[in-house]
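Chain by chain, the residues:
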Amino acid sequence: MPKFTYLLPLRWADADSYGHVNNSRYLTYLEEARTRMVQELLPADEAERRMHAFVVQQSVIDFKTPLDYSNEAVSVDVWVVACRGARLELGYAIRDAENTYAEATTKMAAYNLETGAPRRISEAEAEFFARYTED
């Protein structure tokens, strides 16, 4: 499956009193990887970015095993599950060489922040996301 992989350094502040990465931080990890993935797709102009935004509708995380804080980065894999109309669904895996710590999905809507309304995914966006979509 084609995927985008982001090497994410863990932060000391992410750990809870048990030395595990706190479950609330996983959403931030997904957001950071997703943002890195689409960075080249984002228009340079702020007004254009606002007209070509994506907003999160739902995130679901399946925690597999505790992620202990360490100085080693973890991989956050991102791929496209579905991309059609105004809907984008991404899949994720947070892992290292030995473990998958979490699997997740995020459902998003293509959105125009200026009009406050959903919009259709553009042809250029669809072509970009096709790179990370399973055939």
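Below is a summary of the structure that appears in this document.

## Overview of the nonpolar core
Then, number 1: Counting 29 residues, the largest nonpolar core has Met37, Leu67, Val78, Leu90 and Ile94 as its most contacted members.
Then, number 2: Looking at this core, the elements with two or more residues in it are β1 (4-8), α1 (25-38), β3 (74-84), β4 (87-95), β5 (100-112) and α3 (123-130).
Then, number 3: Sequence-distant contacts of Ile94, defined by excluding residues within four places in its chain, comprise Tyr26, Tyr29, Leu30, Val74, Ser75, Val76, Asn99, Thr100, Tyr101 and Ala102.

## Things to note about α1
Then, number 1: If you check α1, its first and last C-alpha atoms are 20 Å apart, about what 14 residues at 1.5 Å a residue would give, namely 20 Å.
Then, number 2: The set of residues buried in α1 consists of Tyr26, Tyr29, Leu30, Glu32, Ala33, Arg34, Met37 and Val38.

## Some remarks on the layout of surface pockets
Then, number 1: Put simply, the largest pocket is a space of about 480 Å³.
Then, number 2: Going through the elements one at a time, α1, α2 (46-51), β2 (53-63), β4 and α3 are the ones with two or more residues in the lining of the largest pocket.
Then, number 3: Examining the composition of the lining of the largest pocket, we find that five residues originate from one element, α1, more than from any other.
Then, number 4: Classifying every residue of the lining of the largest pocket gives 14 nonpolar, three polar and six charged.

## Things to note about α3
Then, number 1: Here α3 has its buried residues at Glu125, Phe128 and Phe129. Each buried residue of α3 sits inside an arc of 95° when the element is viewed along its axis, so together they form one side. Residues of α3 that are exposed and angled more than 90 degrees away from the buried face: Glu123, Ala124 and Glu127.
Then, number 2: Contacts from the buried residues of α3 go to α1, β2, β3 and β4.

## Notes on the side chain of Asn112
Then, number 1: Mapped onto the secondary structure, Asn112 falls in strand β5.
Then, number 2: Looking at Asn112, the relative accessible area reads 14%, which means it is buried.
Then, number 3: At a separation of 2.8 Å, a polar atom in the side chain of Asn112 contacts the main-chain amide nitrogen of Glu114.
Then, number 4: For Asn112, the contacting residues outside a window of four places in its chain are Arg50, Met51, Ala117 and Arg119.

Quick notes on the rules
- Counting from 1, residues in each chain are numbered in the order their sequence is written.
- Note on the predicted model: pLDDT of at least 70 is required for a residue's local features to be given, and 80 or more for side-chain atom pairs to be given and counted; whole-chain, interface and lining totals, by contrast, use all residues.
- Side-chain numbers here rest on the full set of heavy atoms in the structure, without hydrogens or water.
- Among buried residues, those of type Ala, Val, Leu, Ile, Met, Phe, Trp, Tyr and Cys that are joined through side-chain atoms within 4.5 Å constitute a nonpolar core.
- Categorising residues by exposure relies on relative accessible area from a 1.4 Å probe, with only protein chains included: less than 20% of the type maximum marks a residue as buried, more than 50% marks it as exposed, and the intermediate range marks it as partly exposed.
- Helix numbers and strand numbers start at the N terminus; a helix is a DSSP run of H or I with at least 4 residues, a strand a run of E with at least 2.
- We call two residues in contact when some of their heavy atoms are within 4.5 Å.
- The length a helix should cover is 1.5 Å for every residue beyond the first.
- Using protein atoms alone on a 1 Å grid, points that fit a 1.4 Å probe yet trap it form a cavity, whereas open point sets bounded by protein on both sides within 12 Å along at least five of seven lines form a pocket; residues with an atom within 4 Å of a point count as lining.
- Grid points are joined across faces, edges and corners, and a volume is the space filled by probe spheres set on the points.
- Gly is put with the polar residues, along with every residue not named as nonpolar or charged; the nonpolar set is Ala, Val, Leu, Ile, Met, Phe, Trp, Tyr, Cys and Pro, and the charged set is Asp, Glu, Lys and Arg.
- Of all possible arcs, the one meant is that of the directions from the helix axis to the C-beta atoms.
- Polar contacts, as used here, are pairs of N or O atoms within 3.5 Å; protein pairs need one atom able to donate a hydrogen and one able to accept it. Residues neighboring in sequence count only if both atoms are side-chain atoms.

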